[in-house]
Amino acid sequence: MCDISIDIYEEIFNGMDQFVIVFDSSQSLYTANKAVLDFFDLNSEDIRGLSVEELPLWNHSEDKINEIIFRIGHVFSMEKEQRFEVKHLDVAGVEHEVDYLLKPIIMDGVVRY
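Remember, it's a predicted structure, so these values are computed and weren't measured experimentally.

Chemist: Hey, could you run me through the nonpolar core in this one?
Modeler: One recurring pattern in soluble globular proteins is that nonpolar side chains are buried together. Judged by nonpolar contacts, the single largest core of 24 residues is most densely connected at Ile21, Phe23 and Trp58. Within the residue set of this core, elements represented by two or more residues are strand E1 (21–23), strand E2 (29–32), helix H2 (34–40), helix H4 (62–78), strand E3 (82–89) and strand E4 (95–102). The element best represented in this core is H4, accounting for 5 residues. Every residue in contact with Phe23, bar those within four places of it in the chain, is listed here: Ser28, Leu29, Tyr30, Val52, Leu55, Trp58, Ile72, Phe76, Arg112 and Tyr113.

Chemist: Help me understand the layout of surface pockets in this model?
Modeler: A water-sized probe, rolled over the atoms, reveals where empty space remains. The computed volume of the largest pocket comes to approximately 520 Å³. Looking at the largest pocket, it is lined by 21 residues, and the ones nearest its centre are Val20, Ile21, Leu101, Leu102 and Lys103. Those elements that place two or more of their residues in the lining of the largest pocket are E1, H4 and E4. Among the elements that take part in the lining of the largest pocket, E4 stands out by supplying 5 residues, more than any other. Per-class residue counts for the lining of the largest pocket are 17 nonpolar, 1 polar and 3 charged. Within this model, the second largest pocket holds a volume of roughly 240 Å³. In terms of lining residues, the second largest pocket is bounded by Ile6, Tyr9, Glu10, Phe13, Asn14, Val22, Tyr30, Thr31, Ile105 and Tyr113.

Chemist: What am I meant to see in the pairing of E3 here?
Modeler: In the case of a regular strand, side chains alternate between the two sheet surfaces. Only one face of E3 is buried: it carries Gln82, Phe84, Val86 and His88, and the other face, with Arg83, Glu85, Lys87 and Leu89, is open. Two successive antiparallel strands, E3 and E4, enclose a turn made up of 5 residues, where Gly93 displays a positive phi of approximately 85°.

Chemist: Help me understand the environment of Gly15, please; the structure alone is not making it clear to me.
Modeler: Relative to the assigned elements, Gly15 resides in helix H1 (residues 6–15). The sequence separation of Gly15 and Ser61 amounts to 46 residues, and the corresponding C-alpha distance is 29 Å.

Chemist: Teacher, can you tell me more about the environment of Glu62 here?
Modeler: By the secondary structure assignment, Glu62 is in helix H4. Overall, the relative accessible area of 54% leaves Glu62 in the exposed class. In sequence terms Glu62 and Arg83 are 21 residues apart; their C-alpha atoms lie 19 Å from each other.

Procedures and definitions
Residue positions within a chain follow its written sequence, with the count starting from 1. In keeping with the predicted nature of the model, local features appear solely for residues at pLDDT of at least 70, side-chain atom pairs appear and are counted solely at 80 or more, and the whole-chain, interface and lining totals rest on all residues. Calculation of side-chain values draws on the structure's entire complement of heavy atoms; hydrogens and water are dropped beforehand. Only buried residues count toward a nonpolar core. Its members are Ala, Val, Leu, Ile, Met, Phe, Trp, Tyr and Cys residues joined through side-chain atoms within 4.5 Å. Only protein chains enter the accessibility calculation, which uses a 1.4 Å probe; a residue is then buried when its area is under 20% of its type maximum, exposed when over 50%, and partly exposed in between. A run of H or I in DSSP counts as a helix once it spans at least four residues, and a run of E counts as a strand once it spans at least two, with each numbered from the N terminus. Whether two residues are in contact is decided by their heavy atoms: any pair within 4.5 Å suffices. Each cavity reported here is a set of points on a 1 Å grid over the protein atoms alone in which a 1.4 Å probe fits but cannot get out, each pocket an open set with protein on both sides within 12 Å along at least five of seven lines, and each lining residue one with an atom within 4 Å of a point. Grid points are joined across faces, edges and corners, and a volume is the space filled by probe spheres set on the points. Charged means Asp, Glu, Lys or Arg here, nonpolar means Ala, Val, Leu, Ile, Met, Phe, Trp, Tyr, Cys or Pro, and polar covers whatever is left, Gly included. By this definition, two strands are paired if DSSP reports at least two bridges between them.

Listed below in structure tokens is the structure:
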């Protein structure tokens, strides 16, 4: 096993340009990386523990909220990844197409994240 410090993992996690959002098994936000926080001008403490529908990431579309709730539920229940695209407005109001890949993290045979 490789002996890498948690600091290195955090540097990789927060150094990526891709959005990384981790939901716990209750479908609440566990953590998000710096790319997500900066794009939406958010603070991790303000959004940690919020449910999918409470997150300001896709509050511009009720249909998208429902789709994301469905897809996250599918990942947790079926243990299969989901891929889809969502249009988001950044803090300057510019629209971006974001490609999402939801993947289950299975620990001890149970989807945990």
